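Understanding the architecture of this molecule
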Amino acid sequence: MRDYLKYSALLFLAVLGALVIIGFIGSWSAPILFLLALLGLPLIATLGLGIGLLLIVRGVKFVRTGDLSLRNRVVAVLIVPILLSIAAVCSLPALWLGSFTGMWVKFLTNYSRYEAIIAKAEVDKSDGQYSEYLTDDGVTYVIDYGPPIRVAFNPEGILDNWAGIIFDPTGEVMRADGFDPVTGAFHASDSVTKLFGGDLISCHHMWDSYYKCSFT
């Protein structure tokens, strides 16, 4: 019975761990996230259900042949379905946790590069509104010349849906708060939603003047 419970717990942790890993990897590359979501999530679900079914069969054998108390009989039959149901409910939070962790690792890894790029952008000011996609020391970025100058680091996405780490010394990006699904009107003003030439949906504060923002 102890081994059965151990394997059931390991299955639960493996499913959630795989989802966290997908979110983590996806935070570094949107195309890879799309492929992992397209291929990895069905694979995780199939393996989880398949292994879970085998464990349930084993649990039923415990009930039929084992000298178990009523409580242990109930646990043997229900523990795997309960754990898999919890894993399904926690799937989106697990993906979010992986993405959140990956974004912070990216930020901390590249922080000194970000600071150097910002300093260079503030010296090399342009009359243009937005820069093209630029690369410096392995970091891809886009400059919104404002004023003030804002920089979107590591913009990643599919088509016109993308996210990145935004440097905004004013903090105005935090005013972005989605849009009305009926009218399509954004809740924030154009001075915020049209930054970087996109449609800014939302931002979360990370550190100092850095924010994680999503565009559509």
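Let me begin by describing the structure that accompanies this report. (Residues numbered from 1 in each chain as written. Predicted model: local features only at pLDDT ≥ 70, side-chain atom pairs only at ≥ 80, totals over all residues. Heavy atoms only, no water.)

1. Quick notes on the sheet that holds strand β4 (residues 161-167)
- Taken together, six strands build an open sheet; the order of strands is β1-β2-β3-β4-β6-β5 and the sheet is antiparallel. Both edges of this open sheet fall to β1 (134-136) and β5 (200-207), since each of them pairs with a single strand only. Adjacent strand axes in the sheet meet at a mean angle of 35 degrees when their direction is disregarded.
- Its contacts with the sheet put helix α4 (residues 91-123) on β1, β2 (139-144), β3 (150-158), β4, β5 and β6 (210-215), and the angle it makes with β3 is roughly 135 degrees. (Pairing = 2+ DSSP bridges. Helix = DSSP H or I, 4+ residues; strand = E, 2+ residues; numbered from the N terminus. Axes fitted to C-alpha atoms, helices over the stretch in contact; angles between N-to-C directions. Contact = heavy atoms within 4.5 Å.)

2. Digging into the pairing of β6
- Across six bridges, β4 lies against β6 in antiparallel orientation. Within β6, the position partnered with G164 by the bridge is C213.
- Direction of pairing for β5 relative to β6: antiparallel, over a ladder of six bridges. By the bridge assignment, C203 is partnered in β6 with C213.
- Between β5 and β6, which follow one another and run antiparallel, lie two residues, and D208 among them has a positive phi close to 55 degrees.

3. Points about the layout of surface pockets
- Here the largest pocket is characterised by a volume of approximately 680 Å³.
- As for the largest pocket, its lining consists of 29 residues, and the residues nearest its centre are S99, M103, A163, K212 and S214.
- For the lining of the largest pocket, the secondary-structure elements that each account for two or more residues are α1 (2-26), α2 (30-65), α4, β3, β4, β5 and β6.
- The biggest single contributor to the lining of the largest pocket is α4, with seven residues.
- Estimated volume of the second largest pocket: approximately 230 Å³. (1 Å grid on protein atoms, 1.4 Å probe; cavity = no way out; pocket = protein on both sides within 12 Å on 5 of 7 lines; lining within 4 Å. Points joined across faces, edges and corners; volume = space filled by probe spheres on them.)

4. A closer look at a nonpolar patch on the surface
- A surface patch of nonpolar side chains, amounting to about 430 Å² of accessible area, comprises V60, V74, V77, L78, I82 and I86.
- Counting residues per element, the nonpolar patch draws most heavily on helix α3 (residues 70-89), which supplies five residues.
- Structurally, L78 is set in helix α3. (Patch = residues over 30% accessible without salt bridge, like charges linked within 9 Å, V, L, I, M, F, W, Y side chains within 5 Å. Areas by Shrake-Rupley, 256 points an atom, 1.4 Å probe, with all protein chains shown as cover. Salt bridge = Lys/Arg side-chain N within 4 Å of Asp/Glu carboxyl O.)

5. A closer look at the state of the cysteines
- This model, assessed by the stated rule, comprises one disulfide.
- Disulfide pairing is shown between C203 and C213; the S-S distance is 2.0 Å. Its torsion about the S-S bond being 115 degrees, the disulfide of C203 and C213 is classed as right-handed. Residue C203 is found in strand β5, and its partner C213 is found in strand β6; the two are separated by 10 residues along the sequence.
- Exposure remark for C213: the relative accessible area of 0% places this residue in the buried category. (Disulfide = S-S within 2.5 Å. Buried < 20%, exposed > 50% of the residue type's maximum accessible area, 1.4 Å probe, protein only.)

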